[in-house]
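# Observations on the three-dimensional arrangement
Listed below, chain by chain, are the residues.
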Amino acid sequence: MAADVETLATVEALAGEKYAHGFVTDIEQEFSEKGLNPDVIRFISAKKAEPDWLLAWRLEAYARWLALDEPDWAKISYPPIDYQALYYYAAPKEKVGPKSLDEVDPDLLETYKKLGIPLKEQEILAGVEGASRYAVDAVFDSVSVVTTFKAELAKAGVIFCPLSEAVREHPDLVRAYLGTVVPTSDNYFACLNSAVFSEGSFVYVPPGVRCPMELSTYFRINASSTGQFERTLIIADKGAYVSYLEGCTAPMRDENQLHAAVVELVALEDAEIKYSTVQNWYPGDAEGRGGIYNFVTKRADCRGDRSKVSWTQVETGSAITWKYPSCILRGADSVGEFYSIAITNNRQQADTGTKMIHLGPGSRSRIIAKGISAGRSTSTYRGLVSVHPKAKGARNFTQCDSLLIGKDCAAHTVPYVEARNGSAKLEHEATTTRLSEDQLFYAMQRGLSQEEAVQLLVNGFVKDVLQELPMEFAVEAQKLVAVSLEGSVG
Amino acid sequence: MLKIDNLHVRVGEAEILKGLSLSVPTGEVHAVMGPNGAGKSTLSYTLAGRSGYEVTDGTAQLLGDDLLALNASERAAKGVFLSFQYPLEIPGVPALTFVRAALNAQRKARGEGEISAPEFLKKAKAEAANLKMDFEMLRRGLNVGFSGGEKKRMEIFQMAMLAPRLAILDETDSGLDIDALKIVSEGVNALRAADRSMLVITHYQRLLDHIRPDRVHVLAAGRIVASGGPELALELERDGYDKYGKAA
Amino acid sequence: MLAEALRSGDRTKLPGRRHEGWRWTDLFGALTTVPPLNPERQALGSWSVPIALDGVVVRRFAAPIQGGVEHVTLEVPAGDHRVVLDLIEAGQGRYVRDLAFDFTLGVGASLERLVMIADDADAVSVATTHVQMQARCDFAQTVLASGARRQRVETHVDHPGGAGRVRLDGAYLLAGARHADQTTVVRHLGRDGESRQLVRGVVAGAARGVFQGRIEVLQGADGTDARLAHNGLILSDRAEIDSKPELEIYADDVACAHGNTIGALDEDALFYAMSRGLPEAEARRLLITAFVGEVAERIRHPGLRDQALIFLAAQAEAFDGEGR
């Protein structure tokens, strides 16, 4: 079809330009020395005024990391990463952890304004009537710039602050939970993160408390040749509820930048955590130059009976995505959910999915994964559902669908299922199809433009997952989906 | 034939039947009517012996034998037949194979010999014809891809083949259009006999236009709260269940 | 890989956990030593096959005494139609065997194959088949397995597309501590190919069933229509089923799907059958036989189909008393 050729050409032209967050903030920054060695780790630890136990923990992780090999089982390929050519710490100069917004560098505020992230509480309050408020922790390279609504959250007993602050202010909580879900030596990238993690958010919701607003962290990589290694820890105590959202962007650069984060969630009895991600790291240009290498370990421990964790992710960015947000369903009748949209275009590669480990009786999980591949990209769903002998009556439902747009992309589905008891019930369905020309034609015959028709069909394809996002982010995510695929009809 | 006394049944945490008593003499057809949630399906599943329906008190006897002590297949061999509200699909098992296996198992349990293949086929063909069923349907996986009406017809076909003493028809009219309802009802009426009793469980009166009961009982909140002749069904149709209180 | 280990006597050549494709069928862990190759074979006799199975080539493979490696080829000339029954027969003891089959199908040829594999509970047994197809070929295979200490039947089909068709079915019924692995790889190389797979398994006792099925659609293989279903029943809390249905797609105009279900015997169906008078054990057997029987029903050759049904019924019979 001539139209296809035309639109494919359009998308190539658009690639690179359409990434709206690709600007660099010109700000004076402070770096660690280049490369990784015990002194760099001591430098990071000292910068954050950490207690000795945490430094020891980091150094031990570093020693273990040296002995590990980078994993090679994912369907992704990239040139070897030179871990000695990176900066492991970068921060805007002077104010680490400003006390109030007035102390925050105006350039930084401008950056977040440009990204559409409201940091001034009064602005948020004065915003659109009826719009729900959400608190933001803004992380810029290796440090948190500001956390909003802390006072109001504190009234409810909710702790929401940068992890480094939590280490100082709530050491017992951090020490009791840090590394208990993702142990230091869990995998190569988690181990690296444990050694050099710089910033991330800490959330603690006390027993019986329903967090009064959405919490969100906005991660921004700005400095060049710099890795971001954030670490997030969220604890929902008995009967607590929290909804948390993270967003991520980075400047357009020709070099590849490393992002190796760790997220740990702990849900105690009757607690519920809803964790949503809109990942829009710079994906690289049409030729595959630049873009973020996104190697992330995210895991939830549904420790308590009837606890529930729900992961929702919209992955449109990064040159390489390697992440498997998982649930250890330890509690009786605990529930794990994973809703994912992964979109790859141009030369992007994504290998993502989830693990649901059923240990508790009556535990249930649900996986809905939608992959869309366009351009010359590769998208892989990789998942594990494992039911242990004690998980009597465990249930899983998995649905993975892949949509292919164009001749040169690839989509893979690799679901592992291990069932070890006679009362479990597991169902898995997967389909791979192309964007239906008949449907496209039907919509266009009724008057929609090709772009609109594609958008309509893609929206239909990902609808089940978008529904799981908090309202205001669902709208944003839907736009992102449309932009990521602009013109890519096949 | 059937004598139920003070039956209490729990499903999970909830007590559904709360002291239900009911007698169906041999050769009679009784209807049990009640609003949604009254315990109609619980009654039929309890009588057929489905697990998960815990009898905490009371008795249920078939011709003097304790039904509750038996498992589902033993009850079937005694002559209890339940026509399911939602008949199961069993892929890979042709209906004929299924019915023949069931019939022979029942005969074996009663100390009778197996039915010969030609005799079985002859009977199956005759019964299928009575119910206006395409015989080829009986060679396909049981109920697989059947419409609601076809499934109900298949239930009555099985009832005819198995010739039970007590037939329990659980919401047999649900999902049937008027033509299918007629065929199914005619099938049921043809099976009325002096040595056979029937318990027709239904929400609506319309089935009873076709299968005329000797007695009508009203089931509400886990108990029989009223009994009467066929006219009671018409009264319920007119006045609804309100005067018997809301279901539990 | 097993053949290589048997030939060299080098245990480190055994496939095991560190190989992705063998993570659930660990031969390295199962064998502390590699038995020596021995050309002697045990006596045949585990199956009685009707003398005149009309138009079917019956091949019987006896178990080795110690280690055994065998390589078998079959060529179906262009336009020909063959029906093959491969009986991989049980021996006694801890023998280790590797059977390799190479099939070549000429243009327009068709081959329907039934593999029935039986082994001693202590044996380690691997049978691997590679199928090369030309245009307009039709290859249909059904593998019925009953397990061993470790047993694996692996099939690779290169599908050139065109009007060609592939059916790769299987069933396993495992009791005791038996282990059976069915692994398939279908590579769609050209346009408009069709493949269908149905694998069903039932495990009781402390048995372990493994199913791995990969559909690859290479670039240019547009119009591919590939479907795969695996359904497992677990009858005991000590039994296990591991499965990995994979799709690897490099073309866009495709319709590929896989489904995978694992669960217990349907209690509603069990009650339904019992309410019609079938005793529990018989009702279970009926449902199990029907469940795996659907695999046999897809066999076109009536004689082969009967053989498959007989085999499955006998296996289902063996489950009695072991279900729970």
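Structure: see above.
Just so you know, these numbers come straight off a predicted model, no measurement behind them.

Attention now moves to the overall build of chain C. Summing up its helical and strand segments, chain C has five helices and 15 strands in all. Against the 2.2 N^0.38 benchmark of 20 Å for 324 residues, chain C shows a C-alpha radius of gyration of 19 Å, consistent with a compact globule. Seen along its three principal axes, the alpha-carbon backbone of chain C occupies a region of about 50 × 50 × 45 Å. Evaluated residue by residue, chain C yields a buried proportion of 62% over its 324 residues. Sequence-distant contacts, at least 24 apart, represent 81% of the contacts inside chain C between residues at least 6 apart.

Let us look at the pattern of salt bridges. For the structure on display, the rule yields 64 salt bridges over all chains. With a closest N to O distance of 3.7 Å, C:Arg214 and C:Glu248 form a salt bridge. One end of the pair, C:Arg214, is in strand β12 (residues 208–217); the other, C:Glu248, is in strand β14 (residues 240–249), with 34 residues separating them in the sequence. The network of salt bridges with shared partners includes A:Lys75, C:Glu20, C:Arg23, C:Arg214, C:Glu216, C:Lys244, C:Glu246 and C:Glu248.

Taken together, the contacts link 34 residues of chain A with 34 residues of chain C. Interface area, chain A with chain C, both sides summed: about 2,700 Å², of which 44% is carbon and sulfur. Taken together, the connections running from chain A to chain C amount to seven salt bridges. Its salt-bridge partner being A:Lys75, residue C:Glu248 comes within 3.4 Å of it at the nearest N-O pair. Grouping the amino acids of the side of chain A that touches chain C by side-chain chemistry returns 13 nonpolar, eleven polar and ten charged. Where strand β23 (residues 410–419) of chain A lies against β14(C), six bridges are found, and the strand directions are antiparallel. Bridge pairing in β14(C) links A:Ala419 to C:Ile241.

Residues and elements named next belong to chain B. When you line up the elements, His217 lands in strand β11 (residues 215–220). Among the polar contacts listed, one links the side chain of His217 to the side chain of His30, at a separation of 2.9 Å. In this structure His217 touches Leu22, His30, Ala31, Val32, Met33, Ile224, Ala226 and Ser227, once residues within four positions along its chain are discounted.

On to the interface of chain B and chain C. A common way to state how big an interface is: give the accessible area lost once the parts meet. Opposite the 29 residues of chain B that make contact, chain C presents 18 residues. Here chain B and chain C share an interface that buries about 1,900 Å² over both sides, 69% of which is from carbon and sulfur atoms. Counting across the interface, chain B meets chain C through two salt bridges. A salt bridge links B:Arg50 to C:Asp268; the nearest nitrogen and oxygen atoms lie 2.3 Å apart. The interface formed by chain B and chain C contains nine residue pairs in polar contact (both at pLDDT 80 or more). Looking at the side of chain B that touches chain C element by element, the count peaks at five residues for helix α3 (residues 95–109) of chain B.

Turning to its location among the elements, C:Val254 is positioned in the loop between β14 and β15 (255–263). Beyond its immediate chain neighbours, meaning those up to four positions away, C:Val254 contacts A:Leu404, A:Thr432, A:Thr433, A:Arg434, C:Val217, C:Ala221, C:Thr224 and C:Ile249.

The next thing to look at is the packing of aromatic side chains. Residue and element names in this part refer to chain A. In total, this model carries 30 aromatic pairs over all chains according to the counting rule given. With 4.7 Å between their ring centres and 45° between their planes, Phe31 and Tyr87 make a pair best called tilted. Of this pair, Phe31 sits in strand β1 (residues 29–31) while Tyr87 sits in the loop between α3 (52–67) and β2 (90–92), placing them 56 residues apart in sequence. Among the residues examined, Phe31 registers a relative accessible area of 32% and is labelled partly exposed. Here Phe295 and Trp322 contribute two aromatic rings whose centre-to-centre distance is 5.9 Å and whose plane-to-plane angle is 55°, an arrangement assigned as tilted. Here the residue Phe295 occupies a position in strand β13 (residues 291–302), and Trp322 occupies one in strand β15 (residues 320–323), the gap between them amounting to 27 residues. The exposure classification of Phe295 matches that of Trp322, with both residues buried.

As a further point, take the packing of helix α5 (residues 148–162) of chain B against helix α6 (residues 178–190) of chain B. Residue and element names in this part refer to chain B. The contact between α5 and α6 brings their axes to 10 Å, and the two run at 5°. In terms of orientation, α5 and α6 fall into the roughly parallel class. Contacts between α5 and α6 involve Gly149, Lys152, Arg153 and Ile156 on the former and, on the latter, Ala180, Ile183, Val184, Gly187 and Val188. Residue classes in the contact of α5 with α6 are distributed as five nonpolar, two polar and two charged.

Let us look at the packing of helix α4 (residues 280–296) of chain C against helix α5 (residues 302–317) of chain C. Residues and elements named next belong to chain C. Running from amino to carboxyl end, α4 crosses α5 at an angle of 150°, the nearest separation of the two axes being 9 Å. For the element pair α4 / α5, the angle class is roughly antiparallel. Our pair here, α4 against α5, has a crossing hand that is right-handed. Residue-level contacts link Arg285, Ile288, Thr289, Val292, Gly293 and Ala296 of α4 to Arg305, Ala308, Leu309, Leu312, Ala313, Ala316 and Glu317 of α5. For the contact of α4 with α5, the per-class residue count stands at eight nonpolar, two polar and three charged.

All names here are of chain C. Within the secondary structure, Glu216 is located in strand β12. Residue classification places Glu216 among the buried positions, given a relative accessible area of 9%. In this structure the side chain of Glu216 is engaged in a polar contact, spanning 2.8 Å, whose partner is the side chain of Arg214.

Now for the pairing of strand β9 (residues 165–174) of chain C. The side chains of a regular strand alternate between the sheet's two faces. Residue and element names in this part refer to chain C. Burial analysis of β9 places nine of its ten residues in the buried class, which makes it a mostly covered element. Sheet analysis places strand β7 (residues 138–145) next to β9, joined by eight bridges and oriented parallel. Bridge pairing links Gln141 to Leu168 in β9. As judged from the eight bridges shared by β9 and strand β11 (residues 194–203), these two strands associate in the parallel manner.

All names here are of chain B. Helix length check: helix α4 (residues 117–130) (14 residues) gives 20 Å between terminal C-alpha atoms against 20 Å at 1.5 Å per residue, within 8%. Along α4, the positions that sit buried rather than exposed are Phe120, Ala124, Glu127 and Ala128. Buried residues of α4, seen end-on, are gathered within an arc of 100° and therefore sit on one face of the element. Across α4 from its buried face, at more than 90 degrees, point the exposed residues Pro118, Lys122, Ala129 and Asn130.

What counts as what
- Residues numbered from 1 in each chain as written.
- Chains lettered and ligands numbered in written order.
- Predicted model: local features only at pLDDT ≥ 70, side-chain atom pairs only at ≥ 80, totals over all residues.
- Heavy atoms only, no water.
- Helix = DSSP H or I, 4+ residues; strand = E, 2+ residues; numbered from the N terminus.
- Rg over C-alpha atoms; globule rule 2.2 N^0.38 Å.
- Buried < 20%, exposed > 50% of the residue type's maximum accessible area, 1.4 Å probe, protein only.
- Contact = heavy atoms within 4.5 Å.
- Salt bridge = Lys/Arg side-chain N within 4 Å of Asp/Glu carboxyl O.
- Buried area = accessible area lost by both parts, 1.4 Å probe.
- Nonpolar A, V, L, I, M, F, W, Y, C, P; charged D, E, K, R; others polar.
- Pairing = 2+ DSSP bridges.
- Polar contact = N/O pair within 3.5 Å; in protein donor to acceptor, adjacent residues only side chain to side chain.
- Phe/Tyr/Trp six-rings, centres within 6.5 Å; stacked < 30°, edge-to-face > 60°.
- Axes fitted to C-alpha atoms, helices over the stretch in contact; angles between N-to-C directions.
- Parallel < 35°, antiparallel > 145°, perpendicular 65-115°, else oblique.
- Left-handed = near helix turned anticlockwise from the far one by under 90°.
- Expected span 1.5 Å × (residues − 1).
- Arc of directions from axis to C-beta.

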